[in-house]
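If you want the building blocks of each chain, they are given just below.
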Amino acid sequence: MLSAFLVSGLLALNPFAAPAPRVPFVAAAPARAIEPCRIYGSVYLERDPRRRGYCFGVVYVEPEEGFADLLVFPEDNKLFADKPGLWYFTEARDFADYALFVTDNRGLADFSIHYTKVRSFAGCRKQ
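The rules behind each value
- Residues numbered from 1 in each chain as written.
- Predicted model: local features only at pLDDT ≥ 70, side-chain atom pairs only at ≥ 80, totals over all residues.
- Heavy atoms only, no water.
- Core = buried A, V, L, I, M, F, W, Y, C linked by side-chain atoms within 4.5 Å.
- Buried < 20%, exposed > 50% of the residue type's maximum accessible area, 1.4 Å probe, protein only.
- Salt bridge = Lys/Arg side-chain N within 4 Å of Asp/Glu carboxyl O.
- Helix = DSSP H or I, 4+ residues; strand = E, 2+ residues; numbered from the N terminus.
- Polar contact = N/O pair within 3.5 Å; in protein donor to acceptor, adjacent residues only side chain to side chain.
- Contact = heavy atoms within 4.5 Å.
- Pairing = 2+ DSSP bridges.
- Patch = residues over 30% accessible without salt bridge, like charges linked within 9 Å, V, L, I, M, F, W, Y side chains within 5 Å.
- Areas by Shrake-Rupley, 256 points an atom, 1.4 Å probe, with all protein chains shown as cover.
- Disulfide = S-S within 2.5 Å.

Chemist: What's the story with the nonpolar core in this structure? I'm lost.
Modeler: Generally speaking, soluble globular proteins have nonpolar side chains that are buried together. In terms of nonpolar packing, the biggest core is built from 11 residues, these being I39, V43, L45, V59, L70, V72, W87, L100, V102, F111 and I113. Ranked by size, the runner-up nonpolar core spans eight residues in total, among them A96, A99, F101 and A109.

Okay, structure coming up:
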């Protein structure tokens, strides 16, 4: 019993093995800015802060049109949501093209949106 314990201890320490190679430091890739002008199609708006990490980006719903980065027109049919600013809102996050987290803090958002009632106004603001 004692000999089995000593052999297992020797194998665990393994003084004859080569040392493990050191992994070089790899810096994280720089964070890319989200381009709101490329978002269209079916969108799921997440409001649960615990699921924020599973979302594509963070959005703030702007009360004024003048400060919004993107004007959004909610489409009734997914097939017509084919240009930036034309979004079809879905209730199932698994079937959405984009899942966006809605925040109340403008400083934490990647971009801001404002809902419009006119389809032709939807899209990015010229900057």
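That covers the picture; the talk isn't over yet.
Chemist: Looking at this structure, I do not really get the pattern of salt bridges. What am I missing?
Modeler: When their charged atoms lie close together, side chains carrying opposite charge are able to pair. Evaluation of the coordinates by the stated rule reveals six salt bridges. Note that R38 and E35 form a salt bridge whose closest N and O atoms lie 2.8 Å from each other. Residue class for R38 comes out exposed when judged on its relative accessible area of 58%. The exposure class of E35 is partly exposed, given its relative accessible area of 45%. Residue R106 is joined to E62 by a salt bridge in which the shortest nitrogen-to-oxygen separation is 3.3 Å. You can see R106 sitting in the loop between β5 (98-103) and β6 (111-115) and its partner E62 sitting in the loop between β2 (57-61) and β3 (70-74), a full 44 residues away along the chain. The network of salt bridges with shared partners includes E46, R51 and R93.

Chemist: Which parts of the structure should I look at to understand the side chain of H114?
Modeler: Structurally, the position occupied by H114 is in strand β6. A polar side-chain atom of H114 sits 2.9 Å from the main-chain carbonyl oxygen of E62. Among residues more than four places away in sequence, those in contact with H114 are E62, P63, E64, E65, A68, L70, L71 and V72.

Chemist: What should I look at first to understand the pairing of strand β1 (residues 41-46) in this one?
Modeler: As a general feature of sheets, a regular strand has side chains that alternate between the two faces. Summarising burial for β1: six of the six residues are buried, a large majority. Alignment of β1 against strand β4 (residues 86-89), held across three bridges, turns out to be parallel. If you follow S42 over to β4, its bridge partner there is Y88. Pairing between β1 and β5: four bridges, direction parallel. Paired with V43 across the strands is Y98, a residue of β5.

Chemist: Would you mind going over a nonpolar patch on the surface with me for this structure?
Modeler: On the surface, a nonpolar cluster with roughly 370 Å² of combined accessible area is contributed by L2, F5 and L6. If you trace the backbone, L6 turns up in helix α1 (residues 2-13). L6 sits in the exposed class, given a relative accessible area of 52%.

Chemist: Sorry, what's going on with the state of the cysteines here?
Modeler: In a disulfide, the sulfur atoms of two cysteines are held together by a covalent bond. Across all of its chains, the model carries one disulfide by this definition. Each sulfur in the disulfide pair C37 and C124 lies 1.7 Å from the other. On the sign convention where negative means left-handed, the S-S torsion of about -135° between C37 and C124 marks this disulfide as left-handed. With a gap of 87 residues between them, C37 in the loop between α1 and β1 and C124 in strand β7 (residues 123-124) connect regions that are remote in the sequence. What makes C124 partly exposed here is its relative accessible area of 23%.

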